[in-house]
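# Descriptive structure summary
This is what each chain is made of:
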Amino acid sequence: SLDRGFYTVAVLQFLHAEDIPYVTPVVKRGHSGGIRQMIYGRKSYQTTYTITSLASGRKEKVTHYVILIRRYAKGKYGQHGVQWFGYAVHRYPSALHGVYYTYAVVLGLKVAIG
């Protein structure tokens, strides 16, 4: 499990090239499109997503699996309503909510994206 600071094209390319399993929260950037357009529906789901970067002067990208978890806050931490949690994963053997449980509950790292 990695911190959200590791959600970059360079890091994900390295992890894929070395075939290292990982789970890291996705980061919303910009005002529209990207991960924001994937936060919809009534159920959690898994899909693929391509992250791009212009950091080194040329456009680089990496495609990875994204697990989007839909949870209801139920008044926890003074919040109510639906919250979305997104995780980039590679070679992670757990079911959808297993990723949320491992990252958010066991490690205590809750990062809502929606």
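All figures in this text were calculated on a predicted structure; none of them were measured in a lab. (Residues numbered from 1 in each chain as written. Predicted model: local features only at pLDDT ≥ 70, side-chain atom pairs only at ≥ 80, totals over all residues. Heavy atoms only, no water.)

A separate point is the packing of aromatic side chains. Given two aromatic rings, their pairing is described by the distance between the two centres and the angle made by the two planes. Per the stated rule, a full pass over the model turns up two aromatic pairs. On the basis of an interplanar angle of 40° and a centroid distance of 5.4 Å, the ring pair of tyrosine 40 and tyrosine 45 is categorised as tilted. Feature note: the residues Tyr40, Tyr45 and Trp84 constitute an aromatic cluster, connected by ring pairs. (Phe/Tyr/Trp six-rings, centres within 6.5 Å; stacked < 30°, edge-to-face > 60°.)

Sheet architecture is open: four strands sit in the order 1-4-3-2, paired in antiparallel fashion. With one partner strand each, in any of the chains shown, strand 1 (22-25) and strand 2 (45-53) form the two edges of the open sheet. Looking at each pair of strands side by side, their axes are set apart by 35° on average, direction ignored. Note that strand 1 and strand 4 (residues 82-90) share four bridges and pair antiparallel. Residue proline 25 lies in a different strand from strand 4, and its bridge partner there is tyrosine 87. (Pairing = 2+ DSSP bridges. Helix = DSSP H or I, 4+ residues; strand = E, 2+ residues; numbered from the N terminus. Axes fitted to C-alpha atoms, helices over the stretch in contact; angles between N-to-C directions.)

Take helix 1 (residues 9-17) next. Residues of helix 1 that are buried: Val9, Leu12 and Leu15. Considered in projection along helix 1, the buried side chains sweep an arc of 135° and stay on one side of the axis. Residues Ala10 and Ala17 are exposed on helix 1 and point more than 90 degrees away from its buried face. Contacts made by the buried residues of helix 1 are with strand 1, strand 2 and strand 3 (60-72). (Buried < 20%, exposed > 50% of the residue type's maximum accessible area, 1.4 Å probe, protein only. Arc of directions from axis to C-beta. Contact = heavy atoms within 4.5 Å.)

Next up on the list: the environment of glutamine 79. One can find glutamine 79 in the loop between strand 3 and strand 4. Residues within four places of glutamine 79 in sequence aside, it is in contact with Ala73 and Lys74.

Take the pairing of strand 4 next. For strand 4, the tally of buried residues reaches eight of nine residues, placing the bulk of the element in the interior. The sheet contact formed by strand 3 and strand 4 spans eight bridges and is antiparallel. Of the residues in strand 4, the one forming a bridge with arginine 70 is tryptophan 84.

With that settled, consider unusual backbone geometry. For aspartate 19, which is not a glycine, the phi torsion comes out positive at approximately 55°. Mapped onto the elements of the fold, aspartate 19 is located in the loop between helix 1 and strand 1.

In terms of nonpolar packing, the biggest core is built from 17 residues, with Tyr7, Tyr49 and Ile51 touching the most fellow members. Broken down by secondary-structure element, the contributors of at least two residues to this core are helix 1, strand 2, strand 3 and strand 4. Among all residues touching tyrosine 7, those that are not within four sequence positions of it are Leu12, Thr24, Pro25, Val26, Val27, Arg29, Ile35, Tyr49, Ile51, His64 and Ala88. Of all hydrophobic cores here, the second largest spans nine residues; its members include Val23, Ile67, Phe85 and Val89. (Core = buried A, V, L, I, M, F, W, Y, C linked by side-chain atoms within 4.5 Å.)

Taken as a whole and judged by the stated rule, the model has one salt bridge. In this structure, arginine 91 engages aspartate 19 in a salt bridge whose closest nitrogen and oxygen atoms are separated by 3.3 Å. Remark: aspartate 19 occurs in the loop between helix 1 and strand 1 and arginine 91 occurs in the loop between strand 4 and helix 2 (96-106); sequence separation between them is 72 residues. In this structure aspartate 19 comes out as partly exposed when scored by relative accessible area, which is 39%. (Salt bridge = Lys/Arg side-chain N within 4 Å of Asp/Glu carboxyl O.)

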